[in-house]
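Chains, contacts and geometry: an overview
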Amino acid sequence: MAFVRWRLGLLVCTTILVHLVESESTTPASQTNVQYNATWESLDSRPLPQWYDEAKIGIFLHWGVFSVPSFGSEWFWINWKENMSKYVEFMDNNYPPGYTYQDFARDFTAEFYNPDDWAELFQSSGAKYVVLTSKHHEGYTLWPSAVSFSWNSVDVGPHRDLLGELANSIRSKTDLKFGVYHSLMDWFHPLYLRDKFTLFTEQMFVKQKSIPELHELVNAYNPEVIWSDGDWEAPDSYWTAKEFLAWLYNDSPVKDTVVVNDRWGSGIPCKHGGYYTCTDRYNPGVLIEHKWENCMTLDKASWGYRRNAKLSDYLTTAELVQEVVETVSCGGNILINVGPTKDGIIAPIFEERLRDLGSWLKVNGEAIYSSKPWTFQNDTITSGVW
């Protein structure tokens with residue numbers, strides 16, 4: 001009975017998301033017929049494509065070579081290289097001397113990966129868009145990048161274009177939008193380390209690796225979200241972020257529909273970009289003027305899959321629904337992360353949470369999708385009502 005009362009409370013809280021207060025403009029970019037310059041003033045003037053604000057809920061997928069050790073977090077490589085004790089102990093106890101991070105790639109097999117099954121699950125969750133890690137900070141790409149020779153999912157590991165397969169399934173089997181996460185940096189790429197040594201006065205890595213990758217992704221896969229990350233060590237001028245975004249908005253094949261976040265250089269998050277992510281798990285708890293997104297994880301401790309996670313490490317269905325409601329009531333979108341296994345399985349506990357969310361949205365979705373926040377975001381007298 002307590003659960004029933006709680007559920008009804010959430011139903012009440014979602015109904016306050018009425019169309020009384022208009023948020024910032026979401027006019028489709030195609031209606032503006034504006035050429036954007038490579039300045040933040042110009043780029044920030046681009047209206048956010050309307051589909052994004054209406055969607056409210058997305059699925060985030062962190063998948064890569066880090067899914068093989070599946071220990072600690074997706075930052076396994078750098079934590080091990082920097083001699084964090086639990087990672088060093090894990091390697092000493094389970095792998096032979098001389099074992100390298102690159103050796104993990106051959107066991108990134110994806111033999112049970114069925115992108116159609118993933119697409120069906122995401123559709124059932126009630127999400128409206130999906131964002132896959134095309135490349136994390138480890139540099140390994142989930143597509144056959146021409147600038148990531150021998151360190152991509154076709155050359156080593158599953159020998160499949162994992163990104164392309166999921167994009168095709170999402171677009172052919174569902175009505176969801178497809179997007180990509182892309183790390184601007186590669187932790188240990190020689191060109192990146194060289195640029196870093198020069199205090200980022202040289203741009204060899206950007207010109208030969210980072211920007212070519214972004215152009216490959218846009219031209220080959222037409223993503224409708226580009227979720228940038230790995231920007232914090234260098235300014236946006238090093239990353240040539242403004243120049244890339246000007247091309248993206250003016251001349252790319254997705255110029256009218258694509259949305260981007262705010263991670264384009266040190267000091268840029270929460271100041272510039274299409275929508276704000278600010279920090280991981282960002283949730284201001286109040287209405288803010290600029291469109292924002294709460295990227296969060298069902299596993300409280302990691303974005304990648306962890307074999308040693310405990311049940312208490314996962315959000316319950318009740319906690320997940322409450323996070324969705326709080327986020328949407330304050331004008332945000334929520335990007336819900338799951339970490340697939342090295343063999344391409346989305347663990348049953350993740351599947352259960354997503355299908356539970358989908359069941360809740362079948363009842364309450366009218367108060368979530370395309371909603372606009374009310375003047376007040378929560379009931380200060382009745383706890384848990386937003």
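We now turn to the structure provided with this report.

Cut-off values and rules
- Residues numbered from 1 in each chain as written.
- Predicted model: local features only at pLDDT ≥ 70, side-chain atom pairs only at ≥ 80, totals over all residues.
- Heavy atoms only, no water.
- Salt bridge = Lys/Arg side-chain N within 4 Å of Asp/Glu carboxyl O.
- Helix = DSSP H or I, 4+ residues; strand = E, 2+ residues; numbered from the N terminus.
- Buried < 20%, exposed > 50% of the residue type's maximum accessible area, 1.4 Å probe, protein only.
- Arc of directions from axis to C-beta.
- Contact = heavy atoms within 4.5 Å.
- 1 Å grid on protein atoms, 1.4 Å probe; cavity = no way out; pocket = protein on both sides within 12 Å on 5 of 7 lines; lining within 4 Å.
- Points joined across faces, edges and corners; volume = space filled by probe spheres on them.
- Nonpolar A, V, L, I, M, F, W, Y, C, P; charged D, E, K, R; others polar.

In this section: the pattern of salt bridges. A side chain with one charge can pair with a side chain of the opposite charge if their charged atoms come near. This structure, assessed with the given rule, holds 21 salt bridges. For arginine 263, the salt bridge identified is with aspartate 280, shortest N-O distance 2.9 Å. In this pair, arginine 263 sits in the loop between strand 5 (259-260) and strand 6 (292-297) while aspartate 280 sits in the loop between strand 5 and strand 6, placing the two residues 17 residues apart along the sequence. Residue class for arginine 263 comes out buried when judged on its relative accessible area of 7%.

Further remarks concern unusual backbone geometry. We note that serine 70 has phi near 40 degrees; this positive angle belongs to a residue other than glycine. Of note in this structure, cysteine 278 is not a glycine but carries a positive phi near 60 degrees. Within the element layout of this structure, cysteine 278 appears in the loop between strand 5 and strand 6. The class for cysteine 278 is buried, based on a relative accessible area of 13%.

Take helix 5 (residues 85-94) next. Every α-helix carries 3.6 residues per turn, so stepping three or four residues along brings you back to the same face. By the burial criterion, the buried members of helix 5 are Tyr87, Phe90 and Met91. Here the buried residues of helix 5 occupy an arc of 90 degrees about the axis, which is enough to place them on one side. Every exposed residue of helix 5 that faces more than 90 degrees away from the buried side is listed here: Ser85, Glu89, Asp92 and Asn93. Taken together, the buried residues of helix 5 touch helix 4 (76-81).

Glancing now at the layout of surface pockets. Approximately 340 Å³ is the volume attributed to the largest pocket. Taken together, 24 residues line the largest pocket, and the ones lying closest to its centre are Trp75, Asp229, Trp232, Arg263 and Asp280. Partitioned by chemical class, the residues of the lining of the largest pocket number nine nonpolar, nine polar and six charged.

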